Amino acid sequence: MKYTFARDFFWGAASSATQSEGRVPGDCKGENIWDYASKEYNHRFFDGVTTETTAKFYEDYQQDIQKMADISFNSFRTSISWSRLIPDGVGEVNAEAVTFYNNMLDELNAKGIQPFINLYHFDMPMKLQEIGGFENREVIQAYKKYAETCFELFGDKVAYWFTFNEPMIPAEAGYLHDRHYPYVVDFKRAAQVLHHIVLCHCEAIESFRAGNYLGKIGIIMDVIPVYPRSEHPADLYAAKMADLFYTKSLNDVILKGQYPQEIIDVLKKYNQLPEVTEADKLLLAKTKIDLLGINYYRPRRVKARESVPNPEGVFSPEWFYDNYEMPGRRMNTSRGIEIYPKGLYDIAKKIQNEYGNIDWFVSENGIGIQGEEAFIENGMVQDDYRIEFLQEHLAWLHQAIAEGSNCLGYHMWTFVDCWSWINAFKNRYGFYRMDLETGEKTVKKSGLWFKQLVENQGFEIE
Ligand code: BGP
């Protein structure tokens, strides 16, 4: 069977500033929450690796971009580090950062690799976190100013802008599930953070439209499709609630301009509603994006709860469902998540049927493997499992496109093994292997396969 994709399909990979750039003396970068937390809460990071030791993109960007060209990328997403560009979050711009981002963007454009630039990938400047981060309404104006600074400085080099990567995560992981700094566990505060993030997104889009910049702007969302254990009404209810909290609430406000009434009702009942003003509602209603990025890694399987939640405990979406470990599910044991390629098709259908078939692309998809050095033969990681992963996901994506989905591209997570939130360098995701001792970056078998994929605009399997 042959799977052919459009001639102008976007092919490439995604990364982020904090996960890839690294630090050098004299770079004048300000601290962000990850610089701080990976030092102060070092035990929470795999092998105690901090943000200082990432993929050295700040130093190696020229060679790295050549390596992207070597495997035929036509596009690449990274983010601007807010705390590198504006060390205190507000105020003075760091001239070193302006030079770096200009050079990096010029290099990408010169090599025919379209830069996809994201403004926020989990990395709040520490100075702003000290005044409450996204919990503080003042930070919305700081973010708006930061976005405007980026549009002004780099607008002539960037055709695809994104306001946030996975807006749910800073709220969920930082204010409910104790995974990201500031390690708060409080649903109502998480909901307020999420609402303020959505407002930041809207304000940045307002500024982008008002400035008449060229190009398109959108957002990158993580979507975890939900599957009930059975058709039993209690399992179906569990699935509905998991989807409502983690996906539908955000998808609706971003793509339809308002929060679903069901979420408002349930949060009101449990006294967890964030503060949303009438002016906020007007802003939400008028904000429209041009392009949606979807990060897809895994499905969420759920069942009806088996116990009654502690009424005195911390309110959470998990009050309405239990996770379900389906017998025989296919696991990526390194990351502890299920592999389910059809999930990508299901997402595409949902966008097509429920969200006006908006233009979208796969902005992240990938497989992180621990101990990948075990697969090195003749100096190259023989990652056939990654090639299979790609083939299976792309086959389902192809099917969705054949049925009319407006999917415009596919970006893998990631270009070269990079530092990850919490897991640091435990799981490797790259098309290139990063040797942490020597700093050398060598192509994996999947990188060479990807090159063929792009050059042939598709692939064939028997
Ligand atoms: C996504 C994030 C990325 C990246 C990826 C891999 O959710 O946007 O930044 O880290 O997940 O996940 P992890 O690093 O947790 O294994």
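Residues numbered from 1 in each chain as written. Predicted model: local features only at pLDDT ≥ 70, side-chain atom pairs only at ≥ 80, totals over all residues. Heavy atoms only, no water.

Where an unreviewed UniProt entry is consulted, the chain appears under the name 6-phospho-beta-glucosidase, with the organism given as Candidatus Enterococcus willemsii. Of the comments in the UniProt record for the chain, the one headed Sequence similarities (unreviewed entry) reads "Belongs to the glycosyl hydrolase 1 family." (UniProt positions renumbered as here; feature names shortened; annotations may be inferred.)

Peer 1: Let's hear about the pairing of strand E4 (residues 114–118): which residues, and what values?
Peer 2: Burial of E4 is extensive: four of the five residues sit out of reach of the surface. In the sheet, strand E3 (residues 75–79) pairs with E4 via five bridges, with the strands oriented parallel. Among the inter-strand pairings, Arg77 is bridged to a residue of E4, identified as Phe116. Here E4 runs beside strand E5 (residues 160–165); their pairing, made up of three bridges, is parallel. Bridge pairing links Phe116 to Tyr160 in E5. (Buried < 20%, exposed > 50% of the residue type's maximum accessible area, 1.4 Å probe, protein only. Helix = DSSP H or I, 4+ residues; strand = E, 2+ residues; numbered from the N terminus. Pairing = 2+ DSSP bridges.)

Peer 1: Can you tell me about the sheet that holds strand E7 (residues 226–228), naming the residues and giving the values?
Peer 2: Ordered in space as E7-E9-E10, the three strands form an open sheet in which the pairing is mixed. The sheet is open, and its two borders are formed by E7 and strand E10 (322–323), each paired with just one other strand. Bridge count for strand E9 (residues 300–303) against E10 is two bridges, and the pairing is antiparallel. Directly across from Lys303, in E10, lies its bridge partner Asp322.

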